[in-house]
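# Summary of the model geometry
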Amino acid sequence: MKKDQIFAGIGFSLIGLCFILSLSRMFQRISEESDPKLTTIRFSHWQLESGIREGFDAVAQEYMRLHPNVRVIQEPVPEKIYTNWIITQLVGETAPDLVLLGGVTDERLARYFVPITPYVNQSNPYNQGTDLEKLPWRETYLDGMEGAYNPNLLEYYSAPFAMHVIRLFYNKELLKKISGRDDLPTDYDAFLQLCHQIQDYAQKSGEVVIPIAGSKYNSAIMVGRFFSTQTQRMVDRPSMGYLLRPDVEILTPRYWENEWSLNDPEIRSGLEMMHEIGLHMQPGFMQLQREDATFYFVQQRAVMIASGSWDRSSVRTETQGRFTVGVCALPSPSPASPRFGKYVLGPVSEASTKAFGGFGIPRSSKSFDVALDFERFLCSRIGNQIFVNRSGWLPAIAGVKIPEELKAFEPQLNGYPEGFALQWSPNVKRVVENELNQLYQVTGGVDRFISALKPKYAEALAEDSRNNIRGLLRNTFRMETAFGALLELQKQDPHDSHLENKIAEMNENMVMAESHWMRGQYDLRQAGYNTKP
Amino acid sequence: MKNLFLFLLVLMGLFQGSYATSLTEEKIWNDASLFLFNEAHEDLKTVRQQGRFPEREENYIEALLLLNVQPKTEENIQRSAELFRRVEEVKGDDERGIAAKYYRGRIMQIHQERPDLVRAEKIYKELLHDFPLNPISQRALIQVVLLRLYGNLEKGEIFHRLEEVEELKGFIRNPSTAVCYHELISDYMIRFGGNKEVILNHLIAAEQAGIHSFMNRADTYVRMGMIARELGKRDVSILYFSKFLKEFQRDARHYQVQMILREMGSVASK
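Sequence order sets the numbering: in each chain, residues are counted from 1 along the sequence as written. Chain letters start at A and ligand numbers start at 1, both assigned in the order the entries are written. Note on the predicted model: pLDDT of at least 70 is required for a residue's local features to be given, and 80 or more for side-chain atom pairs to be given and counted; whole-chain, interface and lining totals, by contrast, use all residues. The basis for every side-chain value is the complete set of non-hydrogen atoms in the structure, without hydrogens or water.

### Quick look at the side chain of Asn-218 of chain A
All names here are of chain A. A run of H or I in DSSP becomes a helix once it reaches four residues, and a run of E becomes a strand once it reaches two; helices and strands are each numbered from the N terminus. Examined against the element boundaries, Asn-218 turns out to sit in helix α8 (residues 216-230). For Asn-218, a relative accessible area of 2% translates into the label buried. A distance of 2.6 Å separates a polar atom in the side chain of Asn-218 from a polar atom in the side chain of Ser-215. If sequence neighbours within four positions are ignored, Asn-218 has contacts with Ala-213, Arg-290, Ala-293, Ile-305, Ala-306 and Ser-307. Under the scheme applied here, a residue whose accessible area is under 20% of the maximum for its type counts as buried, over 50% as exposed, and between as partly exposed, the area being computed with a 1.4 Å probe on protein chains only. N or O atoms within 3.5 Å of each other form a polar contact, as long as, within protein, one can give a hydrogen and the other can take it, and as long as residues adjacent in sequence are counted only when both atoms are side-chain atoms. Only heavy atoms matter for contacts: two residues are in contact if any of them lie within 4.5 Å across the pair.

Put into structure tokens, the structure is as follows:
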């Protein structure tokens, strides 16, 4: 037998083997699912961070113990292909019974998923025996389930199961060795002092170590927060709408009307902070990815890294046996700070942190009741406690005990709202990011950055404003027919209070969206821009 | 082979038939209420083949759906206008007739390629005059307010526009219209500047009518508290800030509002 024939034979055998294996898996699945005594539900997600699959598994095991006739199967899918995968599954009506929602448009939500609004207004049976037993499910959430509410569709499509906050992770041993400290300072000026100390140490010792591991992703998390401490007081100006929070639809025309500018002392002060912090990250960090920054930190070439609580388990796993990781809130300047305190109201509140995650139930699910029941269990006090204990993520449900090692992630409730960032919408973000090298370069600085950004900023705001009003008009169109349909449904059931509320809310939203669309057109015209792209 | 093909055709026909009989007007409206306009339109086509809905009803449903069937085309919009016109032609003073007239106004105002704001406003005013108590006319009233405030607005006209809408207040017949009316005016005045006392009164009127959207409600409470404080109306400010604290415990502004109340010496801050 010739060599080629042998290789071809091996190749065909392998293909054949794979085919047989796939076939047997498929038949096994069919036979399991056709067992009339057993209901199988599947749930898919992209949370491949360490500990999360184990957390879901632990919840599923407990659920199966309570319901021996149900089998719960987890289907983790890599984040990069998740959206495409899930769209294919939804179109083919082969989607799992529970789908972690992310990047799903309103149109797809409405088309492929069942709203769970009637159920979130009922109590969760798995909360029986606790102080939550009589409350509607949504009121058992720390955020009142606000994060899951879709204000365009006026429905809930999923029940979130976790919460996330931004924190600084630091290498305890390295910090101690360099500074003699056990923890990080909470005040910005002291923090900056520490960064200088680390750089001096690196220079003198010749060790390759930087204060903060940066990347486009990680640096944005950190410097964005620092910048927005400086605009806290600007938001409270009467011209900003008396909302005590930044509103893009007010900020944008106010910029064109010169109510605020890039040269305002608050803005310059925020940029100064960004410049200072940027100098303590590795050179060229804006070109680096999230993984590069994590690698720097894990390799002990950076003392600190800023990230979200979602990275906690992964960071812990990757650094286990190498060094101890400490966690603390991002430092902020106090109002008493001589350099940056003038424009600060106080520490930033995390009170509005919205619950995260949540599985949607596709219309194609053959086991809607069981899928909903499993979601109720996962998002009950007992189920959420199991998940939190194993995953290391923060709970979404009130009264779930936060394990000792997660205490540093507990949201800071006593604080003030953030001010605004410079980049709040896609085109503005693009022009700001394009010029950030002018700010972060050693030879660069605030003046160079502002000079480079200013000619492009107003136009980028206009571009985003046009996109915004286009979205508002689209919403107005869609609500027009949907609202008419709701009125028809109400005729068939005039006493449905859910429907009544939904109609009243949609009416308010529709009118406000339309007024903002019309006002947006006026603002663009007055600033000398086209209202259409 | 030929027999098998015929058998399959019959089977498909039966399936299609049973699907069509399971379709109801409720299913169509339900899909439309969930923004599934194309699905609802397809269902309507199936039902139409069976002639189960009266022609006027069918025209009304199709006209409303065509406003959002994708892709949205000018042809669809003009067909929708024509269908609404036919509905109105049969009887102009019943519920369907009034709604059809309102939607013709909406088509002129925002849906058609070249809006005709003057004719749209004329339609709304006619509705308001002829059927002042009808809920559709109340929506027409809000459209008049929107057009008067923002329609082709120029800088020099801002305060004149406000005077124009004040006179429409007397036509308000239901709480939902009251909320929208007062919110529109207060929002306009906050944006363009105006008497704080008047703004506060509009906000109070909106709140008393009962704001349903929780996001709007939170913002309204904060605005009332802030403006009342600026006007030196301590009690009013404390009242609405306290309502905010009670209803929106997880709002990022919660602590700041507590601090403001503390500065004002209110016990509600605790």
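### Quick word on the packing of aromatic side chains
Residue and element names in this part refer to chain A. For Phe, Tyr and Trp, where Trp contributes only its six-membered ring, two rings pair if their centres lie within 6.5 Å, and the inter-plane angle classes them as stacked under 30 degrees, edge-to-face over 60, or tilted in between. Summed over the entire model, instances satisfying the criterion amount to 45 aromatic pairs over all chains. A centroid spacing of 5.7 Å and a plane angle of 70 degrees characterise the contact between Phe-56 and Phe-359, whose relative ring orientation is edge-to-face. Linking Phe-56 in helix α2 (residues 52-66) with Phe-359 in strand β12 (residues 359-360), this pair joins segments that are 303 residues apart in sequence. For the pair Phe-56 and Phe-359, a shared accessibility class is recorded, and that class is buried. An angle of 80 degrees between the planes, with centres 5.3 Å apart, marks the rings of Phe-161 and Phe-387 as edge-to-face. You can see Phe-161 sitting in the loop between β5 (155-156) and β6 (162-163) and its partner Phe-387 sitting in helix α15 (residues 381-391), a full 226 residues away along the chain. Each member of the pair, Phe-161 as well as Phe-387, carries the same accessibility label: buried. Members of the aromatic cluster, connected to one another through ring pairs, are Phe-43, Phe-56, Tyr-63, Tyr-126, Phe-161, Phe-356, Phe-359, Phe-374, Phe-377, Phe-387 and Trp-393. To sit over a ring, a charge needs its Lys NZ or Arg CZ within 6 Å of the ring centre and within 35 degrees of the ring normal. Over the ring of Tyr-296 we find Arg-301, and its NZ or CZ is 4.4 Å from the ring centre.

### Digging into the interface of chain A and chain B
In this assembly, 71 residues from chain A lie in contact with 68 residues from chain B. Here the quantity called buried area is the accessible surface, traced with a 1.4 Å probe, that two parts lose on coming together, added over both. In terms of surface lost to chain B, no three residues of chain A exceed Tyr-242, Glu-480 and Glu-508 of chain A, which account for 13% of the buried area on that side. By definition, a salt bridge exists where a carboxyl oxygen of Asp or Glu is found within 4 Å of a side-chain nitrogen of Lys or Arg. The tally of links between chain A and chain B comes to nine salt bridges. Note that Arg-245 of chain A is salt-bridged to Asp-219 of chain B, the shortest N-O span being 2.5 Å. The interface formed by chain A and chain B contains 28 residue pairs in polar contact (both at pLDDT 80 or more). Elements with a minimum of two residues in the side of chain A that touches chain B: α4 (106-112), α10 (248-256), α17 (446-492) and α18 (497-526) of chain A. Sorting elements by how many residues they give to the side of chain A that touches chain B places α18 of chain A first, with 20 residues.

### Some details on the pairing of strand β10 (residues 325-328) of chain A
Residues and elements named next belong to chain A. Only one face of β10 is covered, namely the face carrying Gly-326 and Cys-328; the face carrying Val-325 and Val-327 is uncovered. Note on pairing: two strands pair once DSSP finds at least 2 bridges between them. As defined by bridge partners, strand β7 (residues 166-171) adjoins β10 across four bridges and the pair is classed as antiparallel. Across the sheet, Phe-169 pairs through a bridge with Val-327, a residue of β10.

### A look at the sheet that holds strand β11 (residues 355-356) of chain A
Residues and elements named next belong to chain A. Read from one edge of the open sheet, three strands run β11-β6-β13, paired in antiparallel fashion. Strands at the two margins of the open sheet, each flanked by one partner only, are β11 and β13 (394-395). Two elements, β6 and β13, share two bridges in a ladder whose sense is antiparallel. Within β13, the residue paired with Ala-162 across the bridge is Pro-395.

### Remarks on unusual backbone geometry
With an omega dihedral of -5 degrees, the bond running from Gln-70 of chain B to Pro-71 of chain B counts as a cis peptide bond. With respect to the element layout, Pro-71 of chain B can be found in the loop between α4 (55-66) and α5 (74-90). Of note, the phi angle at Leu-154 of chain A is positive, near 60 degrees, even though the residue is not glycine. Its place among the elements puts Leu-154 of chain A in the loop between β4 (149-150) and β5. Although it is not a glycine, Leu-244 of chain A sits at a positive phi angle of roughly 60 degrees. With respect to the element layout, Leu-244 of chain A can be found in the loop between α9 (232-235) and α10. Taking the relative accessible area as the measure of exposure, Leu-244 of chain A reaches 3% and is therefore buried.

### Remarks on the nonpolar core
All names here are of chain A. Grouped together as the largest cluster of nonpolar side chains are 246 residues, with contacts concentrated most on Met-304 and Leu-422. Here this core takes 19 residues from α17, the largest share from any one element. Look past the residues within four positions of Leu-422 in its chain and what remains in contact with it is Phe-227, Trp-260, Leu-262, Ile-267, Leu-271, Val-428, Val-432, Phe-449, Leu-453 and Tyr-457. Take the buried Ala, Val, Leu, Ile, Met, Phe, Trp, Tyr and Cys residues and link them wherever side-chain atoms come within 4.5 Å; each set so joined is a nonpolar core.

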